[in-house]
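# Topology and contacts: notes
Take a look at the letters that make up each chain.
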Amino acid sequence: MTDERVSANGGMETSFGFREVGAGEKQPLVNDVFHKVAKRYDIMNDVMSAGLHRVWKDAMIAALNPPRREDYRVLDVAGGTGDIAFRIVEASDRKAHATVLDINGSMLAVGAERARKKGLAAKLQFVEANAEDLPFAANSFDAYTIAFGIRNVPRIEVALKEAYRVLKRGGRLLVLEFSEVEIPLLDSLYDAWSFRAIPKFGKLITGDDAPYQYLVESIRKFPNQRHFAAMIREAGFSRVSFTNYTGGIAALHSGWKI
């Protein structure tokens, strides 16, 4: 684990990238980042992953394998633009229902407009709320997904416990997140790409490199695969596992409510 990364014991709640902030200060700062990048969020993910995020997301949906059932309900958190939710609904032959939850209204507005254009609005619900305080009853969802969003939640352990609460017995948690590269040469190449290139591309695309600098730094602060798996177990999940993608640039974590 690199020196910058926090452990399973916490630290992300006061970490805004490499900058330490006071309790309660992180969320407004993160909100501002995503208000700025909402309309170009998918382009941002293309830049940060060299387009690989699309392959990783497809692999996430394949792992979920949503059934073709009208009563199958998924909660996709921090998924404002709808990217994961659309994939889930389509993979179920438009049978499943997805609730997209995001704390950022700008992101949700983008997702709701995209859903209308895709003809998926009837299968989707967009909810503005906090991952740390979900406005749903216990045992409400068959699956909880979150892609590239958990590291932006200040109190990750609280969000994981909320995920456990709203899942039905037998429900599944899937978390796709940038992680720690475990291949020696690849890690140095990825560091060079992240810190030298991504903020520059971000400025070219949006006119502002600050959101991209934060996002790159937040990846390096996030707990590595084993520490994050420990956090998922601590929240109550069973059969916890992870799968590395592209040498650990991203990892898919899985847990079950049994």
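As recorded in an unreviewed UniProt entry, the protein chain goes by Ubiquinone/menaquinone biosynthesis C-methyltransferase UbiE and comes from Sinorhizobium sojae CCBAU 05684. According to the UniProt record, the Function (unreviewed entry) comment for the protein chain is "Methyltransferase required for the conversion of demethylmenaquinol (DMKH2) to menaquinol (MKH2) and the conversion of 2-polyprenyl-6-methoxy-1,4-benzoquinol (DDMQH2) to 2-polyprenyl-3-methyl-6-methoxy-1,4-benzoquinol (DMQH2)." Listed under Sequence similarities (unreviewed entry) in UniProt, the entry text for the protein chain is "Belongs to the class I-like SAM-binding methyltransferase superfamily. MenG/UbiE family."

### Notes on the overall build of the protein chain
Across its full length, the protein chain carries nine helices and nine strands. Projecting the C-alpha coordinates of the protein chain onto the three principal axes gives extents of approximately 45 × 40 × 35 Å. By the burial criterion, 54% of the 258 residues in the protein chain qualify as buried. Residue pairs at least 24 apart in sequence account for 75% of intrachain contacts in the protein chain once pairs closer than 6 positions are excluded. Of the accessible surface of the protein chain, which amounts to about 10,900 Å², a share of 52% is contributed by carbon and sulfur atoms. Averaged over its 35 positive side-chain charges, the protein chain has a centre that lies 5 Å from the centre of its 32 negative ones.

### Brief notes about the nonpolar core
Judged by nonpolar contacts, the single largest core of 37 residues is most densely connected at F34, M48, W56, F148, L176 and F178. Broken down by element, the residue count for this core peaks at five residues, all from helix α8 (residues 210-221). Ignoring sequence-local partners within four residues, the contact set of M48 consists of R151, F178, Y190, W193, I198, L215, V216 and I219. In terms of nonpolar packing, the next biggest core, distinct from the first, is built from 32 residues, L75, A129, I146 and I156 among them.

### Details of the side chain of R172
One can find R172 in strand β7 (residues 167-178). Reaching out from R172, the side chain makes a polar contact with the side chain of S254 at a distance of 3.0 Å. For R172, the contacting residues outside a window of four places in its chain are A63, L64, D142, A143, Y144, L167, S254, G255 and W256.

### So, the pattern of salt bridges
On inspection of all chains with the given rule, the structure shows 17 salt bridges. Two residues, E177 and R151, come together in a salt bridge whose shortest N-O distance is 2.6 Å. Taken together, the residues E177 in strand β7 and R151 in the loop between β6 (141-147) and α6 (156-166) connect sequence positions 26 residues apart. A salt bridge links R165 to E162; the shortest N-O distance between them is 2.7 Å. With R165 and E162 both in helix α6 and three residues apart, this pair spans about one turn of that helix. Residue classification places R165 among the partly exposed residues on the basis of a relative accessible area of 26%. It is possible to trace a salt-bridge network through shared partners that takes in K57, D58, D83, R87 and R114.

### What to know about the environment of V55
For V55, the position within the fold is in helix α3 (residues 53-64). Sequence separation of V55 and Y245 is 190 residues, and the distance between their C-alpha atoms is 9.4 Å.

### Quick word on the packing of aromatic side chains
Two aromatic rings are characterised by how far apart their centres lie and by the angle between their planes. Under the counting rule described, the total for this entry stands at eight aromatic pairs. Residues W56 and F148 carry aromatic rings whose centres are separated by 6.3 Å and whose planes lie at 50° to one another, so their mutual orientation is tilted. Of this pair, W56 sits in helix α3 while F148 sits in the loop between β6 and α6, and the two are 92 residues apart along the sequence. By the burial criterion, W56 is buried, and F148 matches it. Where W56 meets F178, the ring centres are 6.1 Å apart and the plane angle is 85°; that geometry is what we call edge-to-face. Highlighted residues: W56 in helix α3 and F178 in strand β7, separated in sequence by 122 residues. This pair shows no difference in class: W56 is buried, exactly as F178 is. Grouping aromatic residues by their ring pairs yields a cluster made of W56, F148 and F178. Of note, R239 hangs over the ring of W256, and the distance from its end group to the ring centre comes to 5.0 Å.

### A short note on helix α9 (residues 225-234)
Among the residues of α9, Q225, F228, A229, M231 and I232 are the ones counted as buried. Summarising the axial view, the buried residues of α9 lie within an arc of 155°, below the 170-degree limit, and thus occupy one face.

### What about the sheet that holds β7?
Pairing is mixed in the open sheet, where seven strands are placed in the order β5-β4-β3-β6-β7-β9-β8. The sheet is open, and its two edges are formed by β5 (124-128) and β8 (238-245), each paired on a single side. Adjacent strand axes in the sheet meet at a mean angle of 15° when their direction is disregarded. This element, α3, spans β6, β7, β8 and β9 (250-256) of the sheet and lies at about 165° to β7. Here α6 sits on the sheet in contact with β3 (73-77), β6 and β7, set at roughly 145° to β7.

How each quantity is defined
Residues numbered from 1 in each chain as written. Predicted model: local features only at pLDDT ≥ 70, side-chain atom pairs only at ≥ 80, totals over all residues. Heavy atoms only, no water. UniProt positions renumbered as here; feature names shortened; annotations may be inferred. Helix = DSSP H or I, 4+ residues; strand = E, 2+ residues; numbered from the N terminus. Buried < 20%, exposed > 50% of the residue type's maximum accessible area, 1.4 Å probe, protein only. Contact = heavy atoms within 4.5 Å. Areas by Shrake-Rupley, 256 points an atom, 1.4 Å probe, with all protein chains shown as cover. Lys, Arg positive; Asp, Glu negative; His and termini not counted. Charge placed at Lys NZ, Arg CZ, Asp CG, Glu CD. Core = buried A, V, L, I, M, F, W, Y, C linked by side-chain atoms within 4.5 Å. Polar contact = N/O pair within 3.5 Å; in protein donor to acceptor, adjacent residues only side chain to side chain. Salt bridge = Lys/Arg side-chain N within 4 Å of Asp/Glu carboxyl O. Phe/Tyr/Trp six-rings, centres within 6.5 Å; stacked < 30°, edge-to-face > 60°. Lys NZ or Arg CZ within 6 Å of the ring centre and 35° of its normal. Arc of directions from axis to C-beta. Pairing = 2+ DSSP bridges. Axes fitted to C-alpha atoms, helices over the stretch in contact; angles between N-to-C directions.

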